[in-house]
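Survey of secondary and tertiary structure
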Amino acid sequence: MEDIIKQLKKLQHIEPDRLFTERSRAALFGVQKSRGTWGLILRNVELGASFALAGILIITIFGGFSTWRFLSPFKLSNLDTTGLKAEAQAVDVQIELTNLNYDEIINTVNLESTESVSALVKNKGKSAPLPLFEQEEGNVTEGSVTEAEEISDTISIEEALEMLAK
Amino acid sequence: MKLKRVWVVGIFFVLIGLGIGNLARAEECILNKSVFEGLQQTGDPQSYLQKIRQELSLRKELISSVLDCAIEEASALKTSVDASSAPELQRIALEISTLLGNSMEYYKFQRKKIPDLGLEGSRDFASDILVWRKGNYIPVAKTASNIILWSKNQALMRAAKSRLDQIGGAVTILKLIENDRIQNKWKEANISFDAARLENKSAVQSFENFAHPEETLASIKRSLEYLSKTYEVLVNLVDEISKLTSKIQQPYENSF
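About the criteria used
Residues numbered from 1 in each chain as written. Chains lettered and ligands numbered in written order. Predicted model: local features only at pLDDT ≥ 70, side-chain atom pairs only at ≥ 80, totals over all residues. Helix = DSSP H or I, 4+ residues; strand = E, 2+ residues; numbered from the N terminus. Buried ≥ 20, exposed ≤ 12 C-beta atoms within 10 Å, placed from the backbone. Contact = placed C-beta atoms within 7 Å. Expected span 1.5 Å × (residues − 1). Axes fitted to C-alpha atoms, helices over the stretch in contact; angles between N-to-C directions. Parallel < 35°, antiparallel > 145°, perpendicular 65-115°, else oblique. Left-handed = near helix turned anticlockwise from the far one by under 90°. pLDDT = per-residue confidence, 0-100. Core = buried A, V, L, I, M, F, W, Y, C linked by C-beta atoms within 7 Å. Nonpolar A, V, L, I, M, F, W, Y, C, P; charged D, E, K, R; others polar.

Right, let's get into the overall build of chain B. Helices and strands together make up the secondary structure of chain B, namely 7 helices and 0 strands. Tracing chain B from N to C terminus, the helices and strands come up as α-α-α-α-α-α-α. In chain B, buried positions account for 30% of the 256 residues. In chain B, the share of contacts with a sequence separation of at least 24, taken over all contacts with a separation of at least 6, comes to 76%.

Here it is as structure tokens:
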């Protein structure tokens, strides 16, 4: 009998788990445990992400989104025939350059624009041969091409030497 | 006050720029035919001896001008070769650059002989330089201009390759390769580009084998012609794709 009483007295020292007590108390009184700094940041990020997703959804629905457009990347840049034609023109001008003499090619070395080179190539024959070094470096304009036409009596080094040898 | 200072500094630099520009113009080399034709009509001399002296003086002056032009020409070519050589042509470009430098030295050496020339000697002198130029300088100069052309072509080759890759990617993504017309054009573009690349490589071989400059130039030209053909096909191909995609795209766009 005495043993039973001892056992019951021991039971008086039994306590619930601390975490369980806190959670149960919070549940009963509707009190939330205050979060730490990280918790606050996380909460803000969650909120921001929710707004961003909502925004994207609204834009997707009302902004005329097309899956076709999205899945065809070439539509934006590769189907640009103007760029292709410009590159093709540059190749054609380069072909014309192969028909020039070596000394005439020097005149085109510093020309960057296709139009300038093209004008110079077309000018061949009108003022043949083209005078050596008559253009300012990297700056041949329509004006200087006209200038080339005006200097029609310019001769090459070979022609000059032939005349001097007579 | 600050604005005024900026204006003054700006005008200063513009004036310096103009000065440099004029200096460059002064170095330009122009040989006028009329001056050389004047060799036969040296004014109205009082005596035969005076006529000889006058003609000799003019000849010496003109030979000097021609040699100056030749030096300038070789120098301009050398600068361009040094600047434009692609890694594939590094060795040959270096050799051509050295040969152009040697040519410049030759012209400078010949120039020193001018004061001692007589009338007949000046004719022979001009003739000898012409023969030397045709035999030695012109092949080197032509190779140099081929190097410049080839080097410039590499940017065009890269641009075409990039276009092929872009359009190829689009054709694959949209499964347009199943369309016969597209498939044929796509194959044609690739065949032309491969041929352009082959000729481009063949030009490098010609450079390395010291082939005749005309032979190298022919390879360069063929390479460019194939490249031009590639672009022609690509433009048609892109037109076809545009037509096709606009047909497919319309129902999609109408649905939104």
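What follows is about the overall build of chain A. If you tally the helices and strands in chain A, you get 9 helices and 0 strands. Secondary structure of chain A in N-to-C order comes out as α-α-α-α-α-α-α-α-α. For chain A, buried positions account for 21% of its 166 residues. For chain A, restricting intrachain contacts to residue pairs at least 6 apart in sequence, the fraction spanning at least 24 positions comes to 47%.

Right, let's get into helix α6 (residues 180-208) of chain B. Residues and elements named next belong to chain B. Taking 1.5 Å as the rise per residue, α6 with 29 residues should run 42 Å; its terminal C-alpha atoms sit 42 Å apart, in good agreement. Turning to α6, its buried residues are Lys185, Trp186, Ala189, Ser192, Phe193, Ala196, Asn200, Ala203, Ser206 and Phe207. Looking one or two places after α6, you find Phe210, whose phi comes out positive at around 50°.

Right, let's talk about the packing of helix α9 (residues 157-165) of chain A against helix α3 (residues 48-84) of chain B for a bit. Packing of α9(A) against α3(B) leaves a shortest axis separation of 10 Å and a crossing angle of 155°. Taken together, the axes of α9(A) and α3(B) lie roughly antiparallel to each other. For α9(A) against α3(B), the interelement crossing comes out left-handed. Between α9(A), through Ile157(A), Ala160(A), Leu161(A) and Leu164(A), and α3(B), the contact on the second element is made entirely by Arg59(B), Leu62(B), Ile63(B), Val66(B), Cys69(B), Ala70(B) and Glu73(B).

With that settled, the discussion passes to the confidence of the model for chain A. When pLDDT is low, close inspection of the predicted coordinates is not appropriate. All names here are of chain A. Of the residues in chain A, 52% have a pLDDT of 70 or more, and the chain-wide mean is 67. Under a pLDDT of 50 for its full length, residues 64-76 has, in the predicted model, 19 contacts with residues more than four places off or in other chains. Residue range residues 125-146 is modelled with pLDDT below 50. Its contacts to residues more than four positions away, or to other chains, number 46 contacts.

Grouped together as the largest cluster of nonpolar side chains are 65 residues, with contacts concentrated most on Val66(B), Ile96(B), Ala144(B) and Ile147(B). Among the secondary structure elements, those contributing two or more residues to this core are α5 (81-97), α6 (102-109) and α9 of chain A together with α3, α4 (90-111), α5 (119-173), α6 and α7 (213-254) of chain B. Looking at this core, the element that brings in the most residues is α5(B), giving 16 residues. In contact with Ala144(B), not counting residues within four places along its chain, are Leu77(B), Val81(B), Ile96(B) and Leu100(B).

Here the focus is α5(A). Since there are 3.6 residues in each turn of an α-helix, residues three or four apart along the chain are aligned in direction. Spanning 17 residues, α5(A) covers 24 Å between terminal C-alpha atoms, matching the ideal 24 Å at 1.5 Å per step. For α5(A), the set of buried residues is Leu84(A), Ala88(A), Ala90(A), Val91(A), Val93(A), Gln94(A) and Leu97(A).

Moving on to the packing of α3(B) against α5(B). Residues and elements named next belong to chain B. Packing of α3 against α5 brings their axes to within 10 Å, and their N-to-C directions diverge by 15°. With respect to α5, the element α3 is oriented roughly parallel. For α3 against α5, the interelement crossing comes out left-handed. In this structure, α3 uses Ile52, Glu55, Leu56, Arg59, Lys60, Ile63, Leu77, Ser80, Val81 and Ser84 to contact α5, whose residues at the interface are Leu119, Ser122, Phe125, Ala126, Ala141, Ala144, Ile147, Ile148, Ser151 and Lys152. Broken down by class, the residue content of the contact of α3 with α5 amounts to 12 nonpolar, 4 polar and 4 charged.

Before going further, it helps to examine the environment of Ala165(A). Looking at the element boundaries, Ala165(A) is found in helix α9. Among the residues examined, Ala165(A) registers 16 C-beta atoms within 10 Å and is labelled partly exposed. Setting aside anything within four residues of it in sequence, one finds Ala165(A) in contact with Arg123(B), Ala126(B), Ser127(B) and Leu130(B).

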